[in-house]
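# Structural features, examined
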Amino acid sequence: MPANSDPKLMSGNANRPLAEAIARRMSMHRGMSLGLVDARIERFNDAEIFVEVFENVRGEDMFIIQPTSNPANDNLMELLIMTDALRRSSAARITAVIPYFGYARQDRRTKARTPISAKLIANLLTEAGIERVLTLDLHAAQIQGFFDIPVDNLYASPIFALDIQHHFKGKLQDVTVVSPDTGGVARARELAQRIGAALAIVDKRREKPGEVAEMTVIGDVTDKTCIIVDDICDTEGTLCKAAEVLIESGAKEVHSYITHGVLSGPAVERITKSVMKSLVITDSIEASEAVKSAPNIRIVPTAPMFAQAILNIWSGTSVSSLFDKGTLAPIYEGFYQS
């Protein structure tokens, strides 16, 4: 990395608004205008992806911002081809900033003769020339071990804690954090500790993938404001059912804080009609118009955290410091003022 060079950002088509927001935040931190690298990413008539970079990137520290969300395969190929273009243009280092890591749910073999697709994606990214990955709330922490390059896994829980403390100010004593399954207990416990709340669990039994046969609440939620926390919400059937079970168990109201709003199929309609008072997601995946217009869905920004993480990687300082409230709170001061 050149000693006097600023980091350079490049974005694919997966979530350009987030990339532009990160560039604006980095400009504020650096005190100078920092835009996205001028490039074109287009498709031929047969849907092949073509990338052309119009700026000199020789010897530069490059950060490609590209979640591999729906359409996952197209966005992944964009990321790989952008990486190849930068590598062949003699970029000094290429870091993939992947706010949402697609295929993360395929992190192990659940049956015979099935793939571990998350490992395959890790191999593809590394072979393409990516030297570091910056991501947010991996579905399973062990995915970091699929890579032979450094992986920085940021967490949304510090942002969620700031948001909860702001929106439930004076009522935190009534809040109970809920894990929607036993696998997410560690995530829920961490958030509960941050805000000083109690913990409950919704234990679910599945007959087949995507279908829940039975749910049981472990813990007392009577007259409590329940906050369900998870990393991914897809079709929302399970989340809405969990909210109903909590209300039936005596909860006063239910809110959900989910990192990645995949929200496919009937998800938005289900949320709108559900007993949940609100669903809070991050902007790791670009929101559709339906999501933006939904009355009980709210989006919290990740650009301030990603901008600071990129600057920390570029300058060789700690990324894990962003997990501390003392570090993160000033970055989000404009969003959550007392």
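Our structure's up above, just so we're on the same page.
Residues numbered from 1 in each chain as written. Predicted model: local features only at pLDDT ≥ 70, side-chain atom pairs only at ≥ 80, totals over all residues. Heavy atoms only, no water.

### Notes on unusual backbone geometry
Across the junction of Asn70 and Pro71, the peptide omega takes the value 0°, indicating a cis bond. Along the chain, Pro71 falls in the loop between strand S4 (61-65) and helix H2 (72-88). We note that Ser90 has phi near 70°; this positive angle belongs to a residue other than glycine. Secondary-structure assignment places Ser90 in the loop between H2 and strand S5 (93-98). (Helix = DSSP H or I, 4+ residues; strand = E, 2+ residues; numbered from the N terminus.)

### A few points about the packing of aromatic side chains
Scanning the model with the defined rule gives 6 aromatic pairs in all. Aromatic pair Tyr332 and Tyr336: ring centres 6.3 Å apart, planes at 20°, arrangement stacked. Per residue, the accessibility class of Tyr332 equals that of Tyr336, and both read buried. Among the aromatic side chains, those forming a connected cluster through ring pairs are Tyr332, Phe335 and Tyr336. (Phe/Tyr/Trp six-rings, centres within 6.5 Å; stacked < 30°, edge-to-face > 60°. Buried < 20%, exposed > 50% of the residue type's maximum accessible area, 1.4 Å probe, protein only.)

### Topic: the side chain of Asp152
Along the chain, Asp152 turns up in strand S7 (residues 151-154). A distance of 2.8 Å separates a polar atom in the side chain of Asp152 from a polar atom in the side chain of Arg132. Not counting residues within four places of it along the chain, the set of residues in contact with Asp152 comprises Arg132, Val133, Leu134, Thr135, Ile313 and Val319. (Polar contact = N/O pair within 3.5 Å; in protein donor to acceptor, adjacent residues only side chain to side chain. Contact = heavy atoms within 4.5 Å.)

### Remarks on helix H5 (residues 185-195)
If you check which residues of H5 are buried, you get Val185, Ala188, Leu191, Ala192 and Ile195. Looking straight down H5, one finds that the buried residues subtend no more than 135° of arc, so they occupy a single side. Exposed and oriented more than 90 degrees from the buried face of H5 are Ala186 and Gln193. Immediately beyond the C-terminal end of H5, within one or two residues, lies Gly196, with a positive phi of roughly 70°. (Arc of directions from axis to C-beta.)

### Considerations on the pattern of salt bridges
Within this structure, the stated rule accounts for 20 salt bridges. The shortest N-O distance in the salt bridge between Glu20 and Arg16 comes to 3.5 Å. Here Glu20 and its partner Arg16 are both found in helix H1 (residues 16-30), 4 residues apart, which amounts to about one turn of the helix. Judged by its relative accessible area of 36%, Arg16 is partly exposed. Note that Asp84 and Arg87 form a salt bridge whose closest N and O atoms lie 2.7 Å from each other. Taken as a pair, Asp84 and Arg87 lie in helix H2 at a separation of 3 residues, close to a single helical turn. Residues joined by salt bridges that share partners form a network here, namely Lys8, Glu55 and Glu60. (Salt bridge = Lys/Arg side-chain N within 4 Å of Asp/Glu carboxyl O.)

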